[in-house]
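The primary structure of each chain is shown beneath.
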Amino acid sequence: MTSTEAYPRTWPRGRWIFVVFLVCVIQVGFIFWLGQRQWPAPIPAGASPALKVASGGSQEWLALDDPTLFALPNVRGFSGPAWIEVPPRPAPNFDWTEAPRLMPLPVEQLGSVFAGFMATNQPDFPAAAFRAVPGPTLPPPMPLEGFPTQSIVRVEGELAGRALLTPLVAPSWQHVELLAPTIVQLLIDARGWPQSLALLSSSGRADADQFALQQARTARFEPLQDRELEQPSPIASPLSWIQLIFEWHTLAVPATNVVIPAP
């Protein structure tokens, strides 16, 4: 026995390709021969579950899924109608449509109730409560000092204690208003003579002020003693400042006669 007889010969590759191709062609032919040439009619769909948004009364069923529906106060629970949902109160109406009704005033009965009360309820006050109260008294009036009848001259300053050797004249003046005092300042030396003078305050009348200056120039005071001049004080000075105050007596201006021409 040879080796060729023990092992049969296999097909070549070309034969296998031809056989596979032939099988595919046969299968495609069966598909076109046995297949349907028309499309099948669509099968109508039957009832199936559908989803939609819950509204209206369905919200009550959805509220049942809330785990705090009965554990906590809830508007949808039994406490909602009890105290959570407070019913609105109607607003009061302030419009008053009734006509005013005035109460009559009985004039003849005014005070009658009080008079009847006092007649039946007499107070029991002690007699000391009705003691007469003394009337108010005023202190006696103070006597008024008379107005000055003449002008006067006063001396103020460092030489107020020294004697005035020459008398000063102060007459009265006629003026429509009261004259103010005229104040003249003088510088007096050791002999008592004025060295300088100045008008500090005017009276309001020029001729009265000039008269006061003339009187101040003629004023002579008591001179200093010789002992005071020989041993002067370190504080004192032989020159001294004084003030002459002329307090004028004012007279009323007489009224002039006015002649009215006849019509």
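Everything numeric in this text was worked out from a predicted model, so none of it was measured. (Residues numbered from 1 in each chain as written. Predicted model: local features only at pLDDT ≥ 70, side-chain atom pairs only at ≥ 80, totals over all residues. Heavy atoms only, no water.)

A. Region of interest: the overall build of the chain. Counting its regular elements, the chain contains seven helices and six strands. Walking the chain from its N terminus toward its C terminus, one meets helices and strands in the order α-α-α-α-α-β-β-β-β-α-α-β-β. Scored against the burial criterion, the 263 residues of the chain give a buried share of 15%. Contacts in the chain between residues far apart in sequence, at least 24 positions, make up 70% of those at least 6 positions apart. When the accessible area of the chain is evaluated, it comes to approximately 23,800 Å², of which 64% is carbon and sulfur surface. (Helix = DSSP H or I, 4+ residues; strand = E, 2+ residues; numbered from the N terminus. Buried < 20%, exposed > 50% of the residue type's maximum accessible area, 1.4 Å probe, protein only. Contact = heavy atoms within 4.5 Å. Areas by Shrake-Rupley, 256 points an atom, 1.4 Å probe, with all protein chains shown as cover.)

B. Structural context of the nonpolar core. By size, the foremost hydrophobic cluster in this structure holds 18 residues, and its most contacted members are Val184, Leu186, Leu244, Phe246 and Trp248. Among the elements of the structure, β3 (182-188), α6 (206-217) and β5 (240-247) are those that each provide at least two residues to this core. At five residues, the largest contribution of residues to this core is made by α6. Setting aside residues no more than four positions away along its own chain, phenylalanine 246 makes contact with Ile152, Val153, Ala170, Pro181, Thr182, Val184, Ala212 and Gln215. (Core = buried A, V, L, I, M, F, W, Y, C linked by side-chain atoms within 4.5 Å.)

C. Geometry of the packing of aromatic side chains. One pass over the structure, following the stated rule, counts four aromatic pairs. Ring centres 6.1 Å apart and planes at 50° place the aromatic pair phenylalanine 30 and tryptophan 33 in the tilted group. Pair noted here: phenylalanine 30 and tryptophan 33 are both in helix α2 (residues 13-34), with a separation of three residues, about one helical turn. For phenylalanine 30, a relative accessible area of 46% puts it in the partly exposed group. On the numbers, 5.5 Å between centres and 15° between planes, the contact of phenylalanine 246 with tryptophan 248 is stacked. In this pair, the class of phenylalanine 246 matches that of tryptophan 248, namely buried. Through successive ring pairs, a cluster of aromatic residues spans Trp173, Phe211, Phe246 and Trp248. Over the aromatic face of tryptophan 193 sits the side chain of arginine 220, whose NZ or CZ is 4.1 Å from the ring centroid. (Phe/Tyr/Trp six-rings, centres within 6.5 Å; stacked < 30°, edge-to-face > 60°. Lys NZ or Arg CZ within 6 Å of the ring centre and 35° of its normal.)

D. Seen up close, the sheet that holds strand β1 (residues 152-157). The strand order β1-β5-β3-β4 describes an open sheet built from four strands, whose pairing is antiparallel. Each edge of the sheet is formed by a strand with only one pairing partner; in this case those strands are β1 and β4 (194-201). Strand-to-strand, the axes of this sheet are offset by a mean angle of 25°, without reference to chain direction. Bridge count between β1 and β5: six bridges; the pairing is antiparallel. Looking at the pairing, glutamate 156 lines up with glutamine 243 of β5. (Pairing = 2+ DSSP bridges. Axes fitted to C-alpha atoms, helices over the stretch in contact; angles between N-to-C directions.)

E. Molecular detail of the pattern of salt bridges. One pass over the full model with this rule turns up four salt bridges. Two residues, arginine 154 and glutamate 156, come together in a salt bridge whose shortest N-O distance is 2.7 Å. When its relative accessible area of 31% is taken as the criterion, arginine 154 is described as partly exposed. Assessed through its relative accessible area of 35%, glutamate 156 is described here as partly exposed. Between glutamate 247 and arginine 154 there is a salt bridge whose closest N-O contact spans 2.9 Å. Taken as a pair, glutamate 247 in strand β5 and arginine 154 in strand β1 lie far apart in primary sequence, 93 residues in all. In this structure, a network of salt bridges that share partners links the residues Arg154, Glu156 and Glu247. (Salt bridge = Lys/Arg side-chain N within 4 Å of Asp/Glu carboxyl O.)

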